[in-house]
Amino acid sequence: MSDHGRLMDVFDEGVCEIWLTSEDTGAYGRDIGTDLPTLLWRLVEEIPEGAMLRLGMTNPPYILEHLEEMAKILSHPRVYAFLHVPVQSASDSVLMDMKREYCVGDFKRVVDFLKER
């Protein structure tokens, strides 16, 4: 059976939401030559009307690469307009001490951009 067939079977059985999550969903595909927006658009093509996709947590460095595309996906009628972007600190020096790959400005850019759209 194809992946498409298995996915459609779960909707036929009454599944009405798919939750896509991981430790950092935004990093999806970096190791296999693809990216999160590509995966999300493929899923949206398969999700029938009346069912929804919920996206899990992503850290700012990975989502910054795809802000335009993510704003479009989060506006899709079968995708919840929700994204978990953790606030680990509002201090660049603390983020640096934590060895995070982003600064407060990066976080703010993600939030501001997505809120505007």
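Before reading further, recall that the structure is shown in the block above.
Please read all numbers here as calculations on a predicted model, not as lab measurements. The numbers attached to residues start from 1 for each chain and follow its sequence in the written order. Where local features are concerned, this predicted model is filtered to residues with pLDDT of at least 70; where side-chain atom pairs are given and counted, the filter is 80 or more; whole-chain, interface and lining totals use all residues. Calculated side-chain values reflect all of the structure's heavy atoms, with hydrogen atoms and water omitted.

## Concerning helix α6 (residues 104-116)
Put simply, the test is: Segments assigned H or I by DSSP are reported as helices when at least four residues long, segments assigned E as strands when at least two residues long, and all are numbered from the N terminus. Here, expected helix span is obtained from the residue count minus one, scaled by 1.5 Å. For the exposure calls, accessible area comes from a 1.4 Å probe over protein chains only, and a residue counts as buried if that area is under 20% of its type's maximum, exposed if over 50%, partly exposed in between. Note that the arc is defined by the directions from the helix axis to the C-beta atoms. By definition, residues are in contact when any of their heavy atoms lie within 4.5 Å.
For α6, with 13 residues, the first-to-last C-alpha span of 18 Å sits near the 18 Å given by 1.5 Å per residue. Restricting attention to buried positions, one finds in α6 the residues Asp 106, Val 110, Phe 113 and Leu 114. Relative to the axis of α6, the buried residues are bounded by an arc of 90° and lie together on one face. Opposite the buried face of α6, at more than 90 degrees from it, the exposed residues are Lys 115 and Glu 116. Looking at the packing, one finds that the buried side of α6 touches α3 (60-64) and α4 (67-74).

## Notes on the pairing of strand β1 (residues 17-20)
To keep it simple, the criterion reads: A pair of strands counts as paired when DSSP detects no fewer than two bridges linking them. Whether a crossover is right-handed comes down to one check: with the strands pointing away from the viewer, does the path from the first strand over the helix to the second run clockwise; if it does, it is right-handed.
Every second residue of β1 is oriented toward a common face, the buried set being Ile 18 and Leu 20 and the non-buried set Glu 17 and Trp 19. Two elements, β1 and strand β2 (residues 52-55), share four bridges in a ladder whose sense is parallel. Each residue of the ladder has a partner; that of Ile 18, found in β2, is Leu 53. Crossover β1 to β2 through helix α2 (residues 36-46) is right-handed.

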